[in-house]
Amino acid sequence: MDTTDLQAKLQQISLSDQNVDPALTTETYTHKPKGSLSAAISITGLGTSTNQPNRLKLPLGKLAASNVLKGANASITKVTAVSVQDGQKERIAATTTTTSTIRISEATDRPEIPLFSPNRKWNLGQFEIGRPLGKGKFGRVYLAKEKATGFVCALKVLHKSELQIGSGVEKQVRREIEIQSNLAHPNVLRLFGHFHDTKRIFLVIEFAAHGELYKALRKVHRFPEYRAAQYIAQMASALKYLHKKHIIHRDIKPENILVGVHGEIKISDFGWSVHTPGNRRKTFCGTLDYLPPEMLKGGGDGYYNEKVDLWSLGVLAYEFLVGEAPFEDTQVMTQKRITRCDMTIPPYVSREAKDLIQRLLVLDPEKRISLEEVQKHPWIVKYCETGERAANRAANKSKSSSEDE
Ligand code: AMP
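Basis of the calculations
Residues numbered from 1 in each chain as written. Predicted model: local features only at pLDDT ≥ 70, side-chain atom pairs only at ≥ 80, totals over all residues. Heavy atoms only, no water. UniProt positions renumbered as here; feature names shortened; annotations may be inferred. Helix = DSSP H or I, 4+ residues; strand = E, 2+ residues; numbered from the N terminus. Buried < 20%, exposed > 50% of the residue type's maximum accessible area, 1.4 Å probe, protein only. Contact = heavy atoms within 4.5 Å. Phe/Tyr/Trp six-rings, centres within 6.5 Å; stacked < 30°, edge-to-face > 60°. Lys NZ or Arg CZ within 6 Å of the ring centre and 35° of its normal. Expected span 1.5 Å × (residues − 1). Core = buried A, V, L, I, M, F, W, Y, C linked by side-chain atoms within 4.5 Å. Pairing = 2+ DSSP bridges. Axes fitted to C-alpha atoms, helices over the stretch in contact; angles between N-to-C directions.

In the nomenclature of an unreviewed UniProt entry, the chain corresponds to Aurora kinase from the organism Microthyrium microscopicum. According to the UniProt record, the Sequence similarities (unreviewed entry) comment for the chain reads "Belongs to the protein kinase superfamily. Ser/Thr protein kinase family. Aurora subfamily."

In structure tokens form, the structure reads like this:
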């Protein structure tokens, strides 16, 4: 399908909705349906007895991560990126048929990005639309290129008519945009901007060239330890950044993680995140397999803090290494097992990895290992030699090779 066809198709997607609340025309909304708690509750009926496993599985027939660029718009020929270290500059070069190379972003915590200034006004005409990247409950995501600069991004198209003004979905969408547009970290999917027309809302998002982590995991069943450790290190870095900004993600799971052009992970889906300057929340959200015990408890004060993300990080580490979540069972049993931390780590998991999982999956949130400690944990250090140690190693290597000469 060429660009003209896609553009025409995109225009046709409009659904009739001329009675939209004016508030909707000044804000932007998004929704993440797959496996989020809204779906988990309505589909699985939390608290009711069923023999169905509670994990909401994604259909595997989505786009193959490795194919993301294959069928792209003819003029989007290559996307490359360098450096994804925490706090360092991330540069992405989009090579187009005119072979122009454009530096487009700095993944530092700077208030302004040269190309994507928060004050910039966008419209659909500024983009060339490429192939569809995927489909969510309320819209589709397309590969896109900003015509003037050749900047390659993803464009999420949502239909206002499907967002049910005043509904929980609308709030979720608002929250996602408000939170995500203020974030800039190499392991957090960037939301560059948004715009709308009468019927649709468009989100300009960072393009994650290798697609969904969930799919990558399902393909190999479980990740080798080095890969799992590197992902957990990146997650720890991203969560540290979020928590410093008083943001609790609350919905950490493989389905909400995308993979960038260099294999680096990008946390997405801030639909269930909260900005908590007071640090304690009482709302119940998240996905059952990943829910921490303090969010399941019927008794107690029902409050929780950012330590919920640490529990989910432990579940994630387990799932990366074992191929399934530690408490995966029927709904009722999953809840029971979470509240007792009833799980078994298979013997093929290394001693260090087991130790980290056990320090994260601790019933008392205050006794969970901190993100700083995660970053220094022997399992992480073993596989993620970065910073000073890596620099020393590189320096020693070049020293010995120059001595050899
Ligand atoms: P969502 O509506 O956010 O769930 O997106 C639907 C699907 O589109 C996802 O499951 C991904 O396969 C794909 N997708 C969404 N955002 C991006 C992105 N920024 N880069 C690449 N693929 C994406």
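A. Main features of the environment of Leu213. On the secondary structure map, Leu213 appears in helix H5 (residues 213–220). Among the residues examined, Leu213 registers a relative accessible area of 0% and is labelled buried. Considered as a pair, Leu213 and Leu258 are 45 residues apart in the sequence and their alpha carbons are 5.4 Å apart. Those residues in contact with Leu213 that lie beyond four places of it in its chain are Phe223, Tyr231, Pro254, Ile257, Leu258, Val259, Ile265 and Phe320.

B. Main features of the packing of aromatic side chains. Overall, the coordinates contain 9 aromatic pairs when judged by the stated rule. Arranged with centres 6.5 Å apart and planes meeting at 80°, the rings of Trp379 and Tyr383 form a pair that is edge-to-face. Placement of both Trp379 and Tyr383 in helix H12 (residues 378–383) is noted, with a separation of 4 residues, approximately one turn of the helix. Among the aromatic residues, ring-to-ring pairing joins Trp122, Phe127, Phe195 and Phe202 into one connected group. The ring centre of Tyr348 lies 3.8 Å from the NZ or CZ of Arg222, which sits over that ring.

C. Structural detail: helix H8 (residues 308–322). Taking 1.5 Å of rise per residue, the 15 residues of H8 would be expected to cover 21 Å, and the 21 Å separating its terminal C-alpha atoms lies within 8% of that figure. The buried fraction of H8 amounts to 15 of the 15 residues, a majority that puts the element mostly inside the structure. Within two residues after H8, Gly323 carries a phi angle of roughly 95°, on the positive side.

D. Local environment of the nonpolar core. One finds Ile232, Leu313, Leu316, Phe320, Val374, Trp379 and Ile380 to be the most contacted residues of the largest nonpolar core, which totals 61 residues. Among all residues touching Leu316, those that are not within four sequence positions of it are Ile232, Met235, Ile252, Lys253, Pro254, Ile257 and Tyr290. Counting 20 residues, the second largest nonpolar core, distinct from the first, contains Leu143, Leu158, Phe207 and Ala208.

E. Here's a closer look at the sheet that holds strand E6 (residues 191–196). With antiparallel pairing, the 5 strands of this open sheet are ordered in space as E3-E4-E5-E7-E6. Looking at which strands have only one partner, the edges of the open sheet turn out to be strand E3 (127–135) and E6. Each adjacent strand pair in this sheet contributes to an overall mean axis angle of 25°, direction not counted. The sheet contact formed by E6 and strand E7 (residues 200–205) spans 5 bridges and is antiparallel. Among the inter-strand pairings, Phe195 is bridged to a residue of E7, identified as Phe202.

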